[in-house]
Amino acid sequence: MKLTQSPAVRVGLSISIATGLYGISFGALSVTSGLDFWQTMALSLLLFSGGSQFAFIGVVAGGGSGIAAMGAATLLGMRNGIYGMQLNALLQPRGWRRFAAAHVTIDESTATSTGQTDPAEQRRGFWTAGIGVFVLWNLFTAVGALAGSALGDPKQWGLDGAAVAAFLGLLWPRLKGREPVAIAVVCALATVLAVPLVPAGVPILVAALVAAVAGWFSHGRSDEGLEPDVDPYADQHHGSGASTRPGEPL
Amino acid sequence: MTLWLWLLLSCVLAYAWKLMGYLVPASLLQNPRMSRVAGTMTIGLLASLTVVNTLASGQSLALDARLGALGAAAVALVFRAPFLVVVLAGAGAAAGLRLLGWN
């Protein structure tokens, strides 16, 4: 089969463009948070997990210490370990491929892959979205970082407002149902209460602890909150024609 | 220089999480409780980061133009706008409110 005929490849490419583009906002926010160009690029190249990257610069922008930034980014990266397990069972990469697969294990590649039913398609979807997002995310991070440092006073352009919107945008798709909303509200309240009491950056870790306790004792769906930021199959949900259905072998 | 250190350590730990999923026997981590904690922690952290970036000003709370950004972003999300549009709505609202004198 030609790669261009693979539905998983098509989904992977479109998700790469949609996700890659918002690397612009990451790059711009990162340099206005006080990181330099190379620190920004190091996050996109080496850490490569949108939520964790935004968390790192979000804590730094709020005056938090490097260790608090690391704590928030690392805890937010925990879900990638769960994705890794699912993908290992699904794709069983061997040798060096396993180490490469780990690096491009993110919301988008996982969702593109697990949305397919045919094993070959799952594999194509994972690598297309993983590599595609990686390339475009880094390209647009660089564009955003260069543009951001040319902007001057970030407040004048509302870039702190852009950061607020970015975090709400990352949270939003995960708020499906009553329990995730309740967890978000409780953690938001815990944060508000903690801000005046503990050093900057630490309120986020307090909220993480509250959320972990809630998850440990709750009986909700086990994959609660693990939705990707962008739904790779959003078009297909109200699309028509069997050829665009995910997992439909051609 | 210390920021570099924490930054690179964050990168190592992020990769460690990812790789752990591939290296740990599936049975060990196919614990629904672990998946649930990963999920609720993601929600909690993002909710907290949203609040901190909206309200915190160092160690105090402030009601300023960022509240407008939060509102504008929420409206954009309700109308299913793409991520970039949501971010631009937030920036536009904050910049606009400041132009009007609410900082």
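Residues numbered from 1 in each chain as written. Chains lettered and ligands numbered in written order. Predicted model: local features only at pLDDT ≥ 70, side-chain atom pairs only at ≥ 80, totals over all residues. Heavy atoms only, no water.

Asker: Hey, could you run me through the overall build of chain A in this one?
Answerer: The helix and strand tally for chain A stands at 13 helices and zero strands. In sequence order, chain A lays out its α and β elements as α-α-α-α-α-α-α-α-α-α-α-α-α. Compactness check: chain A gives a C-alpha radius of gyration of 19 Å against a globular reference of 18 Å for 250 residues, within 12% of the reference. C-alpha extents for chain A along the principal axes are approximately 60 × 45 × 40 Å. In chain A, which comprises 250 residues, the share counted as buried stands at 56%. Within chain A, contacts between residues separated by at least 24 positions form 75% of all contacts whose residues are at least 6 apart in sequence. Put simply, chain A shows about 10,100 Å² of open surface, and 68% of that area lies on carbon and sulfur atoms. Side chains of chain A give 14 positive and 15 negative charges; the mean places of these two sets differ by 8 Å. (Helix = DSSP H or I, 4+ residues; strand = E, 2+ residues; numbered from the N terminus. Rg over C-alpha atoms; globule rule 2.2 N^0.38 Å. Buried < 20%, exposed > 50% of the residue type's maximum accessible area, 1.4 Å probe, protein only. Contact = heavy atoms within 4.5 Å. Areas by Shrake-Rupley, 256 points an atom, 1.4 Å probe, with all protein chains shown as cover. Lys, Arg positive; Asp, Glu negative; His and termini not counted. Charge placed at Lys NZ, Arg CZ, Asp CG, Glu CD.)

Asker: What is the right way to look at the overall build of chain B in this model?
Answerer: Helix and strand content of chain B: five helices and two strands. Ordering the α and β elements of chain B from the N terminus gives α-α-α-β-β-α-α. Counting only C-alpha atoms, chain B reaches 60 × 40 × 25 Å along its principal axes. In chain B, buried positions account for 47% of the 103 residues.

Asker: So what exactly am I meant to see when it comes to the interface of chain B and chain A here?
Answerer: In many reports, interface size means the accessible area that the parts give up when they come together. Between chain B and chain A, the residue contacts involve 64 residues of the former and 93 residues of the latter. Both faces considered, chain B and chain A share a buried interface measuring about 7,200 Å² in area, 76% of it formed by carbon and sulfur atoms. Contact with chain A buries area across many residues of chain B, yet B:Lys18, B:Tyr22 and B:Phe83 alone supply 12% of it, more than any other trio. Inspection of the chain B/chain A interface yields one salt bridge. (Buried area = accessible area lost by both parts, 1.4 Å probe. Salt bridge = Lys/Arg side-chain N within 4 Å of Asp/Glu carboxyl O.)

Asker: Looking at this structure, I do not really get helix 12 (residues 202–217) of chain A. What am I missing?
Answerer: Spacing of three or four residues puts side chains on the same side of an α-helix, whose turn is 3.6 residues. Taking 1.5 Å of rise per residue, 16 residues should cover 22 Å, and helix 12 of chain A covers 23 Å from first to last C-alpha, within 8% of that figure. Those residues of helix 12 of chain A not exposed but buried are A:Pro203, A:Ile204, A:Ala207, A:Ala208, A:Ala211, A:Ala212 and A:Gly215. Contact partners of the buried residues in helix 12 of chain A: helix 4 (50–61), helix 5 (66–76) and helix 11 (178–194) of chain A together with helix 3 (32–55) of chain B. (Expected span 1.5 Å × (residues − 1).)

Asker: What is the right way to read the packing of aromatic side chains from this model?
Answerer: We describe a pair of aromatic rings using the distance from one ring centre to the other and the angle between the two ring planes. Residue and element names in this part refer to chain A. Scanning all chains against the criterion turns up nine aromatic pairs over all chains. Ring centres of phenylalanine 26 and tryptophan 137 lie 5.9 Å apart, and the angle between their planes is 25°; this geometry places the pair in the stacked category. Residue phenylalanine 26 is found in helix 2 (residues 23–32), and its partner tryptophan 137 is found in helix 9 (residues 119–150); the two are separated by 111 residues along the sequence. Across the pair, exposure class does not vary: phenylalanine 26 and tryptophan 137 are buried alike. Taking 5.0 Å as the distance between ring centres and 85° as the angle between the ring planes, the aromatic pair formed by phenylalanine 37 and tryptophan 38 counts as edge-to-face. On the basis of relative accessibility, which here comes to 24%, the residue phenylalanine 37 falls in the partly exposed class. (Phe/Tyr/Trp six-rings, centres within 6.5 Å; stacked < 30°, edge-to-face > 60°.)

Asker: Just checking my understanding: could you explain the nonpolar core for this structure?
Answerer: If you look at soluble globular proteins, the nonpolar side chains tend to sit buried side by side. By size, the foremost hydrophobic cluster in this structure holds 75 residues, and its most contacted members are A:Leu29, A:Leu43, A:Phe54 and A:Phe56. When residues no more than four places from it in sequence are discounted, the contact partners of A:Leu43 are A:Phe26, A:Leu35, A:Phe48, A:Gln53, A:Phe56, A:Ile57, B:Leu7 and B:Cys11. (Core = buried A, V, L, I, M, F, W, Y, C linked by side-chain atoms within 4.5 Å.)

Asker: I'm lost on helix 11 of chain A in this one. Help?
Answerer: Here helix 11 of chain A contains 17 residues, and its C-alpha end-to-end distance of 24 Å stays within 8% of the 24 Å for a straight helix at 1.5 Å per residue. Along helix 11 of chain A, the residues that are buried comprise A:Pro180, A:Ile183, A:Ala184, A:Cys187, A:Ala188, A:Ala190, A:Thr191 and A:Ala194. For helix 11 of chain A, the angular spread of the buried residues around the axis is 160°, confining them to a single face. Within helix 11 of chain A, the exposed residues directed more than 90 degrees away from the buried face are A:Arg178, A:Leu189 and A:Leu193. If you follow the buried residues of helix 11 of chain A, they end up packed against helix 12 of chain A together with helix 3 of chain B. (Arc of directions from axis to C-beta.)

Asker: Looking at this model, I keep getting lost on the confidence of the model for chain A. Mind explaining?
Answerer: When pLDDT drops low, the exact placement of atoms in the prediction is not to be read closely. All names here are of chain A. For chain A, mean pLDDT is 90; residues scoring 70 or higher make up 93% of the total. Per-residue pLDDT, averaged within each element of chain A, yields its smallest value for helix 13 (residues 234–237) (62) and its largest for helix 3 (residues 37–47) (98). Taken together, the stretch residues 238–250 has pLDDT below 50 and engages in 14 contacts with residues farther than four places along the chain or on a different chain. (pLDDT = per-residue confidence, 0-100.)

Asker: How do you make sense of the side chain of A:Ser16 when you look at a structure like this?
Answerer: Residue and element names in this part refer to chain A. Counting through the fold element by element, serine 16 comes out in helix 1 (residues 7–21). Within polar-contact distance, the side chain of serine 16 engages the backbone oxygen of glycine 12 at 2.7 Å. Excluding its chain neighbours within four sequence positions, the residues that come into contact with serine 16 are Leu21, Thr128, Ala129, Gly132, Val133 and Leu136. (Polar contact = N/O pair within 3.5 Å; in protein donor to acceptor, adjacent residues only side chain to side chain.)

Asker: Please explain the packing of helix 2 of chain A against helix 3 of chain A as it appears in this structure.
Answerer: Packed helix pairs are characterised by how far apart their axes lie and by the angle those axes make with each other. All names here are of chain A. With their axes 9 Å apart at the nearest point, helix 2 and helix 3 run at an angle of 135° to one another. In terms of their interaxial angle, helix 2 and helix 3 are classed as oblique. The chirality of how helix 2 crosses helix 3 is right-handed. Here helix 2 contributes Phe26, Gly27, Ser30 and Val31 to the contact with helix 3, which in turn contributes Phe37, Thr40, Leu43 and Ser44. Residue composition of the contact of helix 2 with helix 3, grouped by class: four nonpolar, four polar and no charged. (Axes fitted to C-alpha atoms, helices over the stretch in contact; angles between N-to-C directions. Parallel < 35°, antiparallel > 145°, perpendicular 65-115°, else oblique. Left-handed = near helix turned anticlockwise from the far one by under 90°. Nonpolar A, V, L, I, M, F, W, Y, C, P; charged D, E, K, R; others polar.)

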